[in-house]
Amino acid sequence: RCRWRSRIMQDVQRFSAWLHQRQYPADCGVTVGNFQRQDYFWGLGFGAQLVSIKFGFLAALRRGQVYHLPTSHYTNPISCPSRSLDCYLLPMSNCTRETHRKVRTVGVRWCFDVDEQELGDMAGLSLKHPKEWFHAQLAGFIFRPNERLQALMAELTTSLEQSDPLSNESLTVAAAAAEAARAPRDRKDPTRAKAKGGRDHGHRARQESRFRVTPDPTAPSSTLTRRRMLEVTASDVASPRDAHISGPSVQRLQSSTCVAIHIRRTDKFKSHRKEDHFPPRTFPEYAQLFRGWAYWRQSLPTSQLQLLLGSEDKATYSQFPPLVTPTVTYWVPPRYFVMDMSQGKQFVSINQGNSRLSQLYDIMLIRARERNMSAAALTGARAADPEAAGLLKDEGMVLLAQMLLMGHCRAFIGSYASNVAVLVHDLMANRRLLDGFPMIALDVNGRSYCGCGASFCMTLERKAVRDPTKQLKEIIDSFHS
């Protein structure tokens, strides 16, 4: 086993060295640079942009071209005037647009077959590895945080908000959930909407509404039922590997006991963007999946586990944590985001979110010009100037920091209908391999891993179910025919 592990790690090093050799040529003047077109790319959500980078990078490698990170509308135009993801990550190459012999501008790549035999031969690997292994290695190379992003990750780990499992509100929500679960179903419900064949697609929505608790403002204990948010306090770092990623001040959230959970609840299930043909899963269903895994597949008491929660829906942070008591739940405070879920800054859909984020960035840019302050000046003043700190908020950087922190956990629960889940899986698979531990990822709908963009994964799933005689490679190849 030790010898086999050694050979795997040797292949990891060989593949990384091969990627570095391709991206850092001795003479950029004889190479072709590969750059992403902005048009369609800027209409995507951030998770979709990040997942597509894997395929853009892989396509460039197969053509013998040097890949460059694209620009994104999620970057802050004040602190990142280039709007490039280079503002977050270590340089992908020592070459620039000007130093290449030739430049090729390409469109978005979403999904194509990863030929593991071809890649293994190109990189000189000694073992055969599955497609998932290559996706993890590509993600690990691409998403290496630079100094700015590492500093933000260190700050976030000491500023996470956390649930209080013993608070009155937590106990109230948990009790209401238990009562709703015991309540008999109303079989005469006139609002029950059945799909073709009698399937009830409205059941989960009605069940979820039963778990929403509105505290009585007239109750004597109403002030006590407010969720108590506790700042993270000092504790030991879980492992030496954590120190160089989040700094020595990493406190309560530990990779050895952390389980990442991502709950997507909005436009994946409604409007013209509906992609997941399954109805949205309820908070109790996510909680049950975590509890089942914790009971059957690991040895720590649930009180010693920690959850790192991510969601675009504000209700998630008040309704879900009480259902996993006594496990403490952590999440990134809304104040770090530009779209902080306050009035006028809520996420509803990709198009709405993109439009609103652009408006907010424009307002921030105008205000910075009014104050005649550069990014450097704002950075120097941010500690004593709340407005300066606000003008430097970077939506993309916080989202990526959150995904990287999730990738440090020991297990992941989510839905592959979301690009965030696909990317966190890749990041976690890479890190768990380096740490010598198995990869644990659970899809709330029972799906297996799919490394493509989430919309293509859903299309792939539907086509495979519709015609079980077709091989997945055949369906994936048809995406580009």
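This text goes with the structure placed above it.
Quick look at the structure, then.

Right, let's talk about the sheet that holds strand β7 (residues 328-331) for a bit. Read across the sheet, 6 strands follow the order β4-β7-β6-β5-β8-β9 without closing on themselves; strand pairing throughout is mixed. Because the sheet does not close on itself, it has two edges, and the strands there are β4 (161-162) and β9 (441-443). Examined bridge by bridge, strand β5 (residues 258-263) and strand β8 (residues 411-414) share 3 bridges and lie parallel to one another. Across the sheet, residue I261 finds its bridge partner in β8, namely I413. Of the strands in this sheet, β5, β6 (306-311), β8 and β9 touch helix α9 (residues 283-297), which is tilted by about 155° from β5. Sitting on the sheet, helix α15 (residues 419-435) touches β5, β8 and β9, and the angle it makes with β8 is about 170°.

On to the state of the cysteines. Using the criterion set out here, one finds 5 disulfides in the structure. Across the disulfide from C111 sits C452; the S-S distance is 1.9 Å. Pair noted here: C111 is in the loop between β3 (102-106) and α3 (116-123) and C452 is in the loop between β9 and α16 (454-466), with a separation of 341 residues, a long-range link. For C452, a relative accessible area of 6% puts it in the buried group. Put simply, C450 and C457 are joined by a disulfide, and their sulfur atoms are 2.1 Å apart. The sign of the S-S torsion, about -90°, decides the handedness of the disulfide formed by C450 and C457: left-handed.

For the bond running from T325 to P326, omega is 15°, close enough to zero to count as cis. In this structure, R83 is a non-glycine residue whose phi angle is positive, near 60°. In this structure, R83 sits in the loop between β2 (66-67) and β3. In the Ramachandran plot, N372 falls in the positive-phi region, its phi being about 55° despite a non-glycine side chain.

Basis of the calculations
- Residues numbered from 1 in each chain as written.
- Predicted model: local features only at pLDDT ≥ 70, side-chain atom pairs only at ≥ 80, totals over all residues.
- Heavy atoms only, no water.
- Pairing = 2+ DSSP bridges.
- Helix = DSSP H or I, 4+ residues; strand = E, 2+ residues; numbered from the N terminus.
- Contact = heavy atoms within 4.5 Å.
- Axes fitted to C-alpha atoms, helices over the stretch in contact; angles between N-to-C directions.
- Disulfide = S-S within 2.5 Å.
- Buried < 20%, exposed > 50% of the residue type's maximum accessible area, 1.4 Å probe, protein only.

Any link to function would need more than the numbers given here.
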